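# Chains, contacts and geometry: an overview
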Amino acid sequence: VQGYERLHLICGDSNMSEVSAFLRFGVTSLILELLEKNALPEVAYDFTKAVQDFRGVSFATSNWYLKGLQKPDRGALRLLYLYYERAFELFSKRDMITDFLLCLWKDTLVKLDRNPEELVFRLDWVTKRFVLSEFVAKENGWTKESVQAQDLEYHRLGLTGGHYNFLRSLGQTERLFSDELIASAIVNPPSDTRAFARGHLVQHFKKCGWIYSLAPFKWDILRIHIRGSSSFQDYEIGDPFHNYAALLKMLKKDYR
């Protein structure tokens, strides 16, 4: 749709910590807003090194350096500080959530710079390293395969099972939201985006016994598929910041 593009970022999809997720989405949102305002800090970077740097940072647990940055300072944290300072300059005191995000962002950077272990129970990679270190210390017969199994167990999806969920059940992980709010968000899509129409339509079809379904197509199209046939109907939902409540009301009447 003209004027709207979809940015697909899959790094961090395995994160379990809600604080990590908040930082990931929040910081990305602020940086994109800086980009739209043409207000990004000026950084000389060799983009041919981007993939190499991405992998290098993801495998490192300290001394994060970017080969694409010019000397003498190639520190990845320095770059993040530059983005933070510009975001603080433009967005501080805009609203409560942005102020909280900026505060959390800076606190995380300071602790990463000083000692990443201070971020156990906030950042996933630090928390998982703590869990695996405890496992190796207590399990005399550990093997590479058993450590890899524990690694995967940290990321078990769902609200129960897995190492992260166990830590959360003990109250050890940093939290931002209550279990009740999370449960509510699962079934109540945001009212100010097109997810409102899409989410409530899925619930409606479920009540109809799944006679109809939303077929995978595009984010800007609702493709309604009639089960057991090749028939479908498309409806445009191009504006991501519109809830399409009127369209939803019409579709509920047409498909029941």
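Higher on the page you've got the structure.
Residues numbered from 1 in each chain as written. Predicted model: local features only at pLDDT ≥ 70, side-chain atom pairs only at ≥ 80, totals over all residues. Heavy atoms only, no water.

Relative to the elements of secondary structure, Ser213 occurs in strand β1 (residues 212-214). One polar contact links Ser213 to Arg227, side chain to side chain, over a distance of 3.2 Å. (Helix = DSSP H or I, 4+ residues; strand = E, 2+ residues; numbered from the N terminus. Polar contact = N/O pair within 3.5 Å; in protein donor to acceptor, adjacent residues only side chain to side chain.)

For β1 and strand β2 (residues 221-226), the ladder comprises three bridges, and the chain directions are antiparallel. Within the sheet, the bridge partner assigned to Ser213 lies in β2 and is His225. Counted along the chain from β1 to the antiparallel partner β2, the turn is six residues long. Pairing of β2 with strand β3 (residues 232-236), which is carried by five bridges, proceeds in the antiparallel orientation. By the bridge assignment for β3, Ile224 is matched with Gln233. Once β2 ends, the chain turns through five residues before running back antiparallel as β3, passing Gly228 with a positive phi of about 80 degrees. (Pairing = 2+ DSSP bridges.)

It is worth spelling out the nonpolar core at this point. Leu23, Leu30, Ala87 and Trp105 are the most contacted members of the largest nonpolar core, which has 27 residues in total. Of all the secondary structure elements, the ones that give two or more residues to this core are α1 (18-36), α3 (76-91) and α4 (96-114). Ranked by residue count, the leading element in this core is α3, at seven residues. Aside from chain neighbours lying at most four places away, what touches Leu23 is Thr28, Leu101, Leu104, Trp105, Thr108 and Leu123. (Core = buried A, V, L, I, M, F, W, Y, C linked by side-chain atoms within 4.5 Å. Buried < 20%, exposed > 50% of the residue type's maximum accessible area, 1.4 Å probe, protein only. Contact = heavy atoms within 4.5 Å.)

Below, the discussion takes up the packing of aromatic side chains. One pass over the structure, following the stated rule, counts ten aromatic pairs. Between Trp64 and Trp125, the aromatic rings sit 6.1 Å apart at their centres with planes inclined by 75 degrees, giving edge-to-face as the arrangement. Here Trp125 lies in helix α5 (residues 124-138) and Trp64 lies in the loop between α2 (50-59) and α3, a separation of 61 residues in the sequence. Trp125 sits in the partly exposed class, given a relative accessible area of 30%. Considering the side-chain rings of Tyr154 and Tyr164, the 5.9 Å spacing of their centres and the 70 degrees angle between planes classify their relative orientation as edge-to-face. Highlighted residues: Tyr154 in helix α6 (residues 144-154) and Tyr164 in helix α7 (residues 163-169), separated in sequence by ten residues. The pair Tyr154 / Tyr164 is uniform in exposure class, with both members buried. (Phe/Tyr/Trp six-rings, centres within 6.5 Å; stacked < 30°, edge-to-face > 60°.)

Take the side chain of Lys111 next. In this structure, Lys111 sits in helix α4. Since its relative accessible area comes to 18%, Lys111 is described here as buried. When residues no more than four places from it in sequence are discounted, the contact partners of Lys111 are Pro116, Glu118, Leu119 and Arg122.

All right, on to the packing of helix α9 (residues 195-207) against helix α10 (residues 245-254) then. In contact at an axis separation of 9 Å, α9 and α10 are set at 20 degrees when each is read in the N-to-C sense. The angle between the axes of α9 and α10 places the two elements in the roughly parallel class. The chirality of how α9 crosses α10 is right-handed. On the side of α9, the interface is formed by Phe196, Ala197, His200, Leu201 and His204, while α10 contributes Ala245, Leu248, Leu251 and Lys252. Of the residues in the contact of α9 with α10, the class split is six nonpolar, two polar and one charged. (Axes fitted to C-alpha atoms, helices over the stretch in contact; angles between N-to-C directions. Parallel < 35°, antiparallel > 145°, perpendicular 65-115°, else oblique. Left-handed = near helix turned anticlockwise from the far one by under 90°. Nonpolar A, V, L, I, M, F, W, Y, C, P; charged D, E, K, R; others polar.)

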